[in-house]
Amino acid sequence: MKTIIVTLSLAFTSLFLNAQTEVETTSETQTITVTVPVQSEEGNVVFGLYDETSFMKQPLVGLEGEIKDGKASVTFEDVKPGTYAILLFHDKNGNKQMDFEANGMPTEPYGASNNVMSMGPPLWSDTKFKVTNEPVDLEVRM
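Everything in this summary refers to the structure shown in the same document. Counting restarts for each chain, with residues numbered from 1 along the sequence as it is written. Predicted model: local features are reported for residues with pLDDT of at least 70 only, side-chain atom pairs are reported and counted for 80 or more only, and whole-chain, interface and lining totals are derived from all residues. Side-chain measures were taken over the full set of non-hydrogen atoms in the model, leaving aside hydrogen atoms and water.

### Some thoughts on the overall build of the protein chain
Definition in use: Counting from the N terminus, the helices are the DSSP runs of H or I reaching at least four residues and the strands are the DSSP runs of E reaching at least two. Relative accessibility under 20% of the residue-type maximum defines a buried residue, over 50% an exposed one, and the middle range a partly exposed one, all with a 1.4 Å probe and only protein chains included. Reported accessibility uses the Shrake-Rupley method at a 1.4 Å probe radius. Residues are deemed covered only where the shown protein chains occlude them.
A tally of regular secondary structure across the protein chain gives 2 helices and 8 strands. Relative to its 142 residues, the protein chain shows a buried fraction of 41%. As displayed, the protein chain offers around 7,700 Å² of accessible surface, 49% of which is attributable to carbon and sulfur atoms.

### Quick notes on the side chain of Ser113
We apply this condition: The contact criterion used throughout is that any non-hydrogen atoms of two residues lie within 4.5 Å.
Relative to the elements of secondary structure, Ser113 occurs in the loop between strand 6 (110-112) and helix 2 (124-127). Look past the residues within four positions of Ser113 in its chain and what remains in contact with it is Ala85, Ile86, Asp126, Thr127, Phe129, Leu138 and Val140.

### Some points on the environment of Thr35
Going by this rule: Under the rule applied, a polar contact is a pair of N or O atoms within 3.5 Å (in protein, one hydrogen donor and one hydrogen acceptor; residues adjacent in sequence only if both atoms are side-chain atoms).
Along the polypeptide, Thr35 turns up in strand 1 (residues 30-37). The sequence separation of Thr35 and Val45 amounts to 10 residues, and the corresponding C-alpha distance is 10.0 Å. The residues contacting Thr35, other than those within four sequence positions of it, are Lys71, Ala72, Ser73, Leu138, Glu139 and Val140. Engagement of the side chain of Thr35 in a polar contact is seen with the side chain of Ser73, the distance being 3.3 Å.

### Quick word on the pairing of strand 3 (residues 61-68)
Under the convention used in this document: One requirement defines pairing of two strands: DSSP has to find at least two bridges between them.
Pairing geometry for strand 2 (residues 44-50) and strand 3, over 6 bridges, is antiparallel. Across the sheet, the residue bridging to Val45 is Gly65, located in strand 3. Bridge analysis of strand 3 against strand 4 (residues 71-79) gives 2 bridges, and the strand direction is antiparallel. Bridge pairing in strand 4 links Lys68 to Lys71. What sits between the antiparallel neighbours strand 3 and strand 4 is a turn of 2 residues, in which Asp69 has the positive phi angle 55°.

### Looking at the packing of aromatic side chains
The geometry of an aromatic ring pair comes down to the distance between the two centres and the angle between the two planes. Counted only if it meets this: Two rings from Phe, Tyr or Trp (for Trp, the six-membered ring) form a pair when their centres are within 6.5 Å of each other. A pair whose planes differ by under 30 degrees is stacked, one over 60 is edge-to-face, and the rest are tilted.
For the structure on display, the rule yields 2 aromatic pairs. Taken together, a centroid distance of 5.9 Å and an interplanar angle of 80° make the contact between Tyr50 and Phe55 edge-to-face. The pair formed by Tyr50 and Phe55 is uniform in burial state, with each residue classed as buried. Centre to centre, the rings of Phe55 and Trp124 are 5.5 Å apart; their planes meet at 65°, and the pair counts as edge-to-face. Residue Phe55 is located in the loop between strand 2 and strand 3, and its partner Trp124 is located in helix 2; the two are separated by 69 residues in the primary sequence. Accessibility assignment for this pair places Phe55 and Trp124 in one class, buried. By the ring-pair criterion, three or more aromatic residues cluster together here, those being Tyr50, Phe55 and Trp124.

### Some points on the pattern of salt bridges
Stated formally: By convention in these notes, a salt bridge is any Lys or Arg side-chain nitrogen within 4 Å of a carboxyl oxygen on Asp or Glu.
On inspection of all chains with the given rule, the structure shows 1 salt bridge. Across the pair Glu64 and Lys96 runs a salt bridge whose closest N-O atoms are separated by 3.4 Å. Within this pair, whereas Glu64 is found in strand 3, its partner Lys96 is found in the loop between strand 5 (82-91) and strand 6, the two being separated by 32 residues in sequence. For Lys96, a relative accessible area of 40% gives the class partly exposed.

### Structural notes on the nonpolar core
Which entries qualify depends on this criterion: What makes a nonpolar core is a set of buried Ala, Val, Leu, Ile, Met, Phe, Trp, Tyr and Cys residues whose side-chain atoms join them at distances within 4.5 Å.
Counting residues in hydrophobic clusters, the biggest one holds 20 residues, and the most contacted among them are Ile32, Val34, Val45, Phe47, Phe76 and Leu88. Among all residues touching Val45, those that are not within four sequence positions of it are Val36, Val38, Leu63, Glu64, Gly65, Ile67, Ala72, Leu88, Phe89, His90 and Met142. Grouped together as the second largest cluster of nonpolar side chains are 7 residues, Met56, Ala85, Ala112 and Trp124 included.

Okay, structure coming up:
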């Protein structure tokens, strides 16, 4: 249980917004637009884009989406074709990290691409999706 708590903590705390890495711009890049329905208007939603090597570590790109009309949406620009995953959480209190109960359970809603919800951290194999030569639109539930 401690391993799960530590893994979730590391994945959702400082990872998202600290990863503003430059992505090389070419004519072969695409966009990934992610929309998530949100139950309340408080705070923001923090989104992270990962590849297999960065998954549950430092995201390739981290974005923050403002909540408007019950949803938050962001667009990742200049994404090269490949296999990726999205992790996100509703940062209700604006502290830029996912908060947890003393027993390790998250206190803020979270989600992953392919809408995978499991007991414990999401797996790469369950959350991955492909970016090809078309823009990608995803809706993720929390």
